[in-house]
Each structure stands twice: as structure tokens, then as C-alpha cells.
Amino acid sequence: MAIPARRRVADVVAFAFATFATLFGLLWLFWILWMTLRQGAAALSPTLFTEMTPPPGASGGLLNAFYGSAVMIVLGVLIGTPIGVAAGTYLAEHGRHTRVAAAASFINDILLSAPSIVIGLFVYTIVVKSAGHFSGYAGALSLAIIMVPIVVRTTQESLLLIPDTMREAGFALGLPRWRVTRLILYKAAMSAILTGILLGVARIAGETAPLLFTALNNQFWSADLNAPLANLPVVIWQYAMSPYDEWHSLAWAGAFVLTAFVLVLNILVRLIARKGKPR
Amino acid sequence: MNASAATIEPDAIPDAKSGAGADHVFHLITAGAAWFVLILLGAIALSMAWGGRLAFETFGWRFVTSPDWDAVGGHFGALVPIYGTLVTSAIALVIAVPVSIGIALFLTDIAPRWTRSPIAIAIELLAAIPSIIYGMWGLFVFAPFMAAHVEPWLSDHLGNKAIIGPLFSGPPIGIGMLTAGIVLGIMVIPFIASVAREVFSAVPPPLRESAVALGSTRWEVLRSVTLPYTRSAVIGAIFLGLGRALGETMAVTFVLGNAHALSPSLLMPSNSIAAAIANEFTEADTDLYRSSLIALGFLLFIVTLIVLTIAKLLLLRINKQMGRTH
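This is a predicted model, so every value here is computed, not measured.

Draft legend 1. Up close: the overall build of chain B. Each helix and strand in chain B was counted, giving 13 helices and two strands. For the C-alpha atoms alone, the extent of chain B along its principal axes is close to 75 × 60 × 35 Å. When burial is assessed residue by residue, chain B has 55% of its 326 residues classed as buried. Within chain B, counting contacts between residues at least 6 apart in sequence, those at least 24 apart form 74% of the total. Split by element, the accessible area of chain B, about 14,000 Å² in all, is 67% carbon and sulfur. In chain B, which carries 17 positive and 19 negative side-chain charges, the distance between the mean positions of the two groups comes to 12 Å.

Draft legend 2. Examining the packing of aromatic side chains more closely. On inspection of all chains with the given rule, the structure shows 26 aromatic pairs over all chains. Between A:Trp28 and A:Trp31, the aromatic rings sit 5.7 Å apart at their centres with planes inclined by 25°, giving stacked as the arrangement. On the criterion of helical spacing, the pair formed by A:Trp28 and A:Trp31 is a turn pair, its members being three residues apart in helix α1 (residues 5-43). A relative accessible area of 6% places A:Trp28 in the buried class. Relative to B:Phe142, the ring of A:Trp31 has its centre 5.9 Å away and its plane inclined at 85°; by these criteria the two rings are edge-to-face. Taken together, the residues A:Trp31 in helix α1 and B:Phe142 in helix α6 (residues 131-157) connect one chain to another. In this structure B:Phe142 comes out as buried when scored by relative accessible area, which is 2%. Each residue in the set A:Phe20, A:Phe24, A:Trp28, A:Trp31, B:Trp137, B:Phe142 and B:Phe145 is aromatic and connected to the rest through ring pairs, giving one cluster.

Draft legend 3. Quick look at the environment of B:Pro112. All names here are of chain B. By the element assignment, Pro 112 lies in the loop between α4 (79-110) and α5 (113-128). Taking the relative accessible area as the measure of exposure, Pro 112 reaches 44% and is therefore partly exposed. Remark: the alpha-carbon pair of Pro 112 and Pro 144, spanning 32 residues in sequence, is separated by 37 Å.

Draft legend 4. Fine view of the nonpolar core. Formed by 194 residues in total, the largest nonpolar core has its most connected members in A:Ile117, B:Ile44, B:Tyr134, B:Trp137, B:Ile277 and B:Leu296. Among the elements that make up this core, the one with the highest residue count is helix α7 (residues 177-200) of chain B (16 residues).

Draft legend 5. Local environment of the interface of chain B and chain A. Between chain B and chain A, the contact holds 93 residues from the first and 86 residues from the second. When the two sides are added together, the surface that chain B and chain A hide from each other amounts to roughly 8,000 Å², 81% of it contributed by carbon and sulfur. Ranking the residues of chain B by area buried against chain A places B:Phe26, B:Val37 and B:Trp137 at the top, with a combined share of 7%. The tally of links from chain B across to chain A stands at four salt bridges. A salt bridge links A:Asp109 to B:Lys312; the nearest nitrogen and oxygen atoms lie 2.6 Å apart. Counting across the chain B and chain A interface gives 10 residue pairs in polar contact (both at pLDDT 80 or more). With 19 residues, the top contributor of residues to the side of chain B that touches chain A is helix α1 (residues 20-51) of chain B.

Draft legend 6. Spotlight on unusual backbone geometry. Residue and element names in this part refer to chain A. The phi torsion at His 97 lies on the positive side, around 75°, for a residue other than glycine. Considering the arrangement of structural elements, one finds His 97 in the loop between α2 (63-94) and α3 (99-113). In this model, Leu 216 sits at a positive phi of 55°, which is unusual for a non-glycine residue. By the element assignment, Leu 216 lies in the loop between α8 (209-212) and α9 (232-241).

Draft legend 7. Just the side chain of B:Thr30, in detail. Structurally, B:Thr30 can be placed in helix α1. Note on B:Thr30: relative accessible area 2%, which makes it buried. Polar side-chain contacts of B:Thr30 include one of 2.9 Å to the backbone oxygen of B:His27. Dropping the residues within four chain positions of it, B:Thr30 is found in contact with A:Ala86, A:Ala87, A:Thr89, A:Tyr90 and A:His94.

Reading the values: the criteria
- Residues numbered from 1 in each chain as written.
- Chains lettered and ligands numbered in written order.
- Predicted model: local features only at pLDDT ≥ 70, side-chain atom pairs only at ≥ 80, totals over all residues.
- Heavy atoms only, no water.
- Helix = DSSP H or I, 4+ residues; strand = E, 2+ residues; numbered from the N terminus.
- Buried < 20%, exposed > 50% of the residue type's maximum accessible area, 1.4 Å probe, protein only.
- Contact = heavy atoms within 4.5 Å.
- Areas by Shrake-Rupley, 256 points an atom, 1.4 Å probe, with all protein chains shown as cover.
- Lys, Arg positive; Asp, Glu negative; His and termini not counted.
- Charge placed at Lys NZ, Arg CZ, Asp CG, Glu CD.
- Phe/Tyr/Trp six-rings, centres within 6.5 Å; stacked < 30°, edge-to-face > 60°.
- Core = buried A, V, L, I, M, F, W, Y, C linked by side-chain atoms within 4.5 Å.
- Buried area = accessible area lost by both parts, 1.4 Å probe.
- Salt bridge = Lys/Arg side-chain N within 4 Å of Asp/Glu carboxyl O.
- Polar contact = N/O pair within 3.5 Å; in protein donor to acceptor, adjacent residues only side chain to side chain.

Pasting the structure below:
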């Protein structure tokens, strides 16, 4: 039975379009990664990790920016993870089927996609304005707020995947509920929760908008978290927008390190997730 | 075992009584964290409204209808950034929606099985690249490319046409709404594509097989079975992408040009809500200026909230339809 030519053509066109769309999507990925690699590798130098961000016209590195970013990411993770895991536990376990949990789960999904610049404004309003100055603490707090919904989501999902027979086994041994959660469920969900934390780190490592009015930036070495703190994304932004060639190449070097870090984390996460999957 | 086993509370087990106090504490901690998430959203909205009240009181409705943004004279109207945000997001969706559906179709129906997972991961990595990298690439690589190869062609061939002409007239400078919209489109592709792919592959096989048995081509299966069946999820995914596009900051800030001018041409620089806040907030020297920028943040937050709520409701509906519980 022959299909009329018109329908056959529509079929071929649709499938050619789908193939083209996929190539189109992949093209951008490779274009962006290739340019970052090429420009970044050309700008890499040993002083990148040993010297401070320079004034215009001088050479230097990004040491203070790497340090500031690392500190704020670690602090953000330390604040965001416990809140996220606890809230995820409530949504999946202790508050399952309650109205609060349903509402929090819904709102958490919205927070996941909420514009990060607004979170920066929020932290500015409640912390920076009342403290009277920009600070590394404020930057870490805004990163933590971005981290929370990611951890909530992965914790909730991984706990819900655990079969109820595991919980019943714990209860049958006479364990109170919190010990069932801590000793059995967290153990079973560990790799998935860890995945969520790593995804969160990858996300907040590149966040720029929320740091603009919280941590601001600092051209000099500073380990004081109660003062403006240098950080990689804001340095990349300022240097890229500047008219100086030395600053541009430092921005590319920073972009290269940042992209490599984020991509390696993302690929690592997928490897863990594959290993942790049952079956 | 039977269903009743699942409903046994620890309190019902005599030995567990000793742990009841700790149990209560643990419950309170997790509930507190859940309440924190619940309150966070409202707290953000309230603090934005509070911070922007000075601008809203001073300008009233003119804040959203006036195109004047004059920091020196102290007049702030948000029409230009609102317009720029809407136009760039619209361009982004025009590009991202067909491409994302094409990718989802390719990954569920066309690609050889062994290539599906690597291609899907590569597309997802587009979402992992930090937006500041998109911005840098947009400023140093893509905008010059647009200025040299795409925009001259557009203004030569479309700039003199009757109705769409004004959209494509002007000097090809690379920085502008079209470039920003395209970069945004690339950024939201992975969000729409991954949801579309997930729901496409969740369509019950008998539905598709019946259509094939009736003589449908693969395109007809997509158009008459897959898309109608997954319609609410695909629209939900599009709203999700729209929510992302509206609030995207850094990438847009790099390539939009930070110009407070209203122009019909897509080739001209403009501004967006997020870009205006990012560019100007630390330089805002008066209370009214700062309040106006926070008021912009409030508008952005409310609009993305509404868009994302619609997205979430539509996505919940398909879950229910497919019998998933969460």
C-alpha cells in the first residue's frame, strides 16, 4: 500500500527538521565550549593561581577571586545543605501527605527557577542594607538560598524512591521514626543526595547576579568575610566588560577554569547517578 | 505484607516510646526547614514590595507606562526594560520551542538507540554552562558574528519590506535585542527539550502503535497522537522556559547594550529588567533610584512567579494523567 506523496514528503520534512534541530542545539554547545577552551587555554599562565587581580595595564592572576569564590561556595553549601536535606526529608517522610508539605514542594519547584538576581536583591535588602556594607557573608547567604531548593528536590525524590518495605523493616526492629530516617533512609539515599549537593555546587559556582550586590568584589587580597570579597564570576564580568586587553584575557582564563569546573562536576554527577541506580 | 503494615506508627511499638522525644525534635526540625522554604518565597516578594514602595508611591502607574529613565532628573519609568524583557523572551521562545520539540522527537524516534543518551546529556550540558559564560561568548564571539554576517543580510533583505521592515532596520552593531533573544533561546532549549523528551517517551506505546497500524506516518503519529497526548506538559515546559528567559540576567546584560531607548528595531540595543538591575544597582546613588530598581525586581519576580506557577500546574496535570503520584 503506497502512502500518498504529500504525506510522505511531510514525514521526511519533519524528520529532517528534527535532525537539523538536534545538530543546531549541539552546534551551540561545541561553539561555546570551543571558544572558551581556545581563548582560555591561550590565556592560562602559572601566575593565574599565584597573583592577585591586577589594575588596568598590569599583569596578574585571579588568586583572590578563586579564594573568595571557594570560601563562599563552601559556606553556601554548609548553610544550604542541612536546610535542604531537612526540608526534603519533611516533604518525603515526616510530612508526607500533609498540606504544608504539598505547598512547600510546589513552592520549592518555583524557587528552583526563580530569577537569581532577585535573590541577590533580597539578600541586599535584609543583610547588606542593615549591616551597612557589602560582605562575603551576604554573598554566601545568597548562594545558600539558591542551593536550598536544589537539595530539597533531590533529597525528596531520592527518599521517595526507597521502597516502604525498608521503612517497615526498621519499624519492625523497634526503631523510632527519626532513627529509621537517619540510619536506613539516608544511607540508602546517600549517593542521590550527594548528587544533588554536587549539582548545587555546580550551579552556585557560576552564579553571578546574586553576588553583584552582596559580596560585590575586591581587587585586593582579603580573607575577611565581613567585607567585600573578590569572587570569580563578578571578576569575569567586570574584566570582560572593560576596555583592556589584559583584563579580557584574564576573564577568558577565569571563564575557562569556571566552565571546566562546572562541566567536570556535571559529568561526575552523571557517573555517580548511573552507578547508584539499582538494577 | 499487607497495606496496614505501612500505617503502623512508631508510637505503637512499645520499645520505641523511649525515642518519642527525639522523634518529636527531629520532626520539628524537618518541619521547620519545610516552613522555611514555604516562607522564603513570600519573604522575597514582600521585601521587594517593601523596597520598591518609594518608587511605586512616587510614580504610581507611570512607573510601568513611562519610557523615561532619567537618573539625574530622578524620573524612573520602566517601560523600556519591560519591553526589552518581553521582546527578548519572545524571540527566545520562537527559536527554542520548535528546536526543542525537534530535539525531543529526534531523541525518542529517530536517533540510533546507542546515541540517545550521549546526545541527551550534551543537550543537558547546555543548561549547566554558567550564564556568564554565555554572556562572554555572546559579547566577544556571537555579537561580532551577528554584526558581520547576519544583521547586514537582515537589514538588506527584510529592512525594506512593508510590515516587518522596521523590525530589521538600523546599523548592524551586533549588540541588541535580536542577539540577546537568540542567546536566551539557546539557554532555554535544554529546559524545554528535556521535559518534552521525557513526556514523549512516556506516551503509552499502544496509542502510538494503534496509529501506526491505521497507516499513519511517523509525522502523523507525532501530530495526531504524541503532541495532543502530551500537550499540557509541552505547554508547561514552554512556560518553564519562558520563566527562565524572563529572569535570565548575565547573558542578556552582556549583549543587550544597556540602552534606555525604545526602538521597534530588533537590531537596536535595549534593556531588560534583570540587566538594568545588574548594571545600575551598585551605582544607584539616591533612595528613589535604588527603590525604582527594587521595584523592577518586584515586577520581575511577580511575573516569573505567575509564569512558573502556570508551568507547574500544567506539568502536574500530565503527571496525574499518566498515573504518577509525585
